[in-house]
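Coordinate analysis (summary)
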Amino acid sequence: DSGVTQTPKHLITATGQRVTLRCSPRSGDLSVYWYQQSLDQGLQFLIQYYNGEERAKGNILERFSAQQFPDLHSELNLSSLELGDSALYFCASSVGQVTYNEQFFGPGTRLTVL
Amino acid sequence: KNEVEQSPQNLTAQEGEFITINCSYSVGISALHWLQQHPGGGIVSLFMLSSGKKKHGRLIATINIQEKHSSLHITASHPRDSAVYICAVGSQGNLIFGKGTKLSVKP
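It should be emphasised that the depicted structure is a prediction, and the values quoted were computed from it without experimental measurement. (Residues numbered from 1 in each chain as written. Chains lettered and ligands numbered in written order. Predicted model: local features only at pLDDT ≥ 70, side-chain atom pairs only at ≥ 80, totals over all residues. Heavy atoms only, no water.)

Things to note about the overall build of chain A
Check the secondary structure of chain A and you find 0 helices and 11 strands. Its helices and strands in sequence order give chain A the pattern β-β-β-β-β-β-β-β-β-β-β, from N to C terminus. Here the C-alpha radius of gyration of chain A, 13 Å, is about what a compact globule of 114 residues would show, namely 13 Å. Taken along its principal axes, the extent of the C-alpha atoms in chain A is 35 × 30 × 25 Å. Across the 114 residues in chain A, those meeting the buried criterion constitute 53%. (Helix = DSSP H or I, 4+ residues; strand = E, 2+ residues; numbered from the N terminus. Rg over C-alpha atoms; globule rule 2.2 N^0.38 Å. Buried < 20%, exposed > 50% of the residue type's maximum accessible area, 1.4 Å probe, protein only.)

The structure is reproduced here in structure tokens:
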């Protein structure tokens, strides 16, 4: 158990809908990262927050947004969902920047868009 | 060309064999991570290194910064080592991932 929790575990929804994925980092970790893993693209970095502030942005679509709250949990919002958004979404946390710190992954949320 | 290349893509070994997985990268990095993804999907961080060599149990990771290359070795492989091993480099505040190496260890 990494200490990082993600909810829900599975999510099935329809095209055009909006969903929210939730992540609670390990106790003491200030950085939260969101990743998308699809069969054809592999793991891709979406966005990072550090202590409530956006720190780095990767291949995140405009339809997607995230935020980190004062209690350090984070939410990833996916809207106007398309079939291609079906993927595993991982959250990870670290004490500081991942470039210098070990990262701990949550169990992931499997999103299926029908 | 991908910024992080792993080889081989797939690897089948017999229990007890010594295994090497390679990772080459083309960007400047601050650290390199080796991750293990279990068949169920969970991801575990194995190593983070920026120079030299690290060892944890039967796993050894090395990095050569000048050659932009890292290797992950598994000694005395076991069927429970069967997983996807992913190399990721820390660059400009985020991680860039390789496509992974799928390892299957037969008893």
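Quick word on the pattern of salt bridges
Enumeration over the complete set of coordinates arrives at 4 salt bridges over all chains. Note that A:Asp29 is salt-bridged to A:Arg26, the shortest N-O span being 2.9 Å. Residues B:Arg58 and B:Asp81 are paired through a salt bridge, measuring 2.9 Å at the closest nitrogen-oxygen approach. With a gap of 23 residues between them, B:Arg58 in the loop between strand 6 (52-56) and strand 7 (59-64) and B:Asp81 in the loop between strand 8 (69-74) and strand 9 (83-91) connect regions that are remote in the sequence. (Salt bridge = Lys/Arg side-chain N within 4 Å of Asp/Glu carboxyl O.)

What about the interface of chain A and chain B?
Listed as interface residues are 20 residues of chain A and, on the opposing side, 17 residues of chain B. Summed over both partners, the interface of chain A with chain B comes to about 1,500 Å²; 63% of that surface belongs to carbon and sulfur atoms. The interface formed by chain A and chain B holds 0 salt bridges in total. At the junction of chain A with chain B, the criterion picks out 1 residue pair in polar contact (both at pLDDT 80 or more). Elements with a minimum of two residues in the side of chain A that touches chain B: strand 4 (31-38), strand 5 (42-50) and strand 9 (87-94) of chain A. Per element, the largest residue contribution to the side of chain A that touches chain B is 4 residues, and it comes from strand 5 of chain A. Among the residues making up the side of chain A that touches chain B, the classes are represented as 10 nonpolar, 8 polar and 2 charged. (Contact = heavy atoms within 4.5 Å. Buried area = accessible area lost by both parts, 1.4 Å probe. Polar contact = N/O pair within 3.5 Å; in protein donor to acceptor, adjacent residues only side chain to side chain. Nonpolar A, V, L, I, M, F, W, Y, C, P; charged D, E, K, R; others polar.)

Notes on the side chain of B:Ser71
Residue and element names in this part refer to chain B. Take Ser71: it is sitting in strand 8. Residue classification places Ser71 among the buried positions, given a relative accessible area of 8%. Here Asn22 takes part through its side chain, which lies 2.9 Å from a polar atom of the side chain of Ser71. Not counting residues up to four positions away in its chain, the partners in contact with Ser71 are Thr20, Ile21, Asn22, Trp34, Ile60, Ala61 and Thr62.

Description of the state of the cysteines
For the coordinates displayed, the defined rule picks out 2 disulfides over all chains. Between the sulfur atoms of A:Cys23 and its disulfide mate A:Cys91 the distance is 1.7 Å. Within this pair, whereas A:Cys23 is found in strand 3 (residues 19-24), its partner A:Cys91 is found in strand 9, the two being separated by 68 residues in sequence. With a relative accessible area of 0%, A:Cys23 lands in the buried category. Between the sulfur atoms of B:Cys23 and its disulfide mate B:Cys87 the distance is 1.9 Å. Residues B:Cys23 and B:Cys87 are joined through a disulfide that is left-handed, its torsion about the S-S bond being -60°. (Disulfide = S-S within 2.5 Å.)

Quick notes on the sheet that holds strand 1 (residues 4-7) of chain B
Residues and elements named next belong to chain B. In spatial order, the strands read 1-3-8-7-6; together these 5 strands make up an open sheet with antiparallel pairing. The open sheet terminates on both sides in strands that have one partner only, identified here as strand 1 and strand 6. Averaged over all pairs of adjacent strands, the angle between strand axes in this sheet comes to 15°, irrespective of strand direction. Here strand 7 runs beside strand 8; their pairing, made up of 6 bridges, is antiparallel. Bridging across to strand 8, Ala61 finds its partner in Leu72. (Pairing = 2+ DSSP bridges. Axes fitted to C-alpha atoms, helices over the stretch in contact; angles between N-to-C directions.)

None of the figures reported here should be taken as evidence of function without further support.
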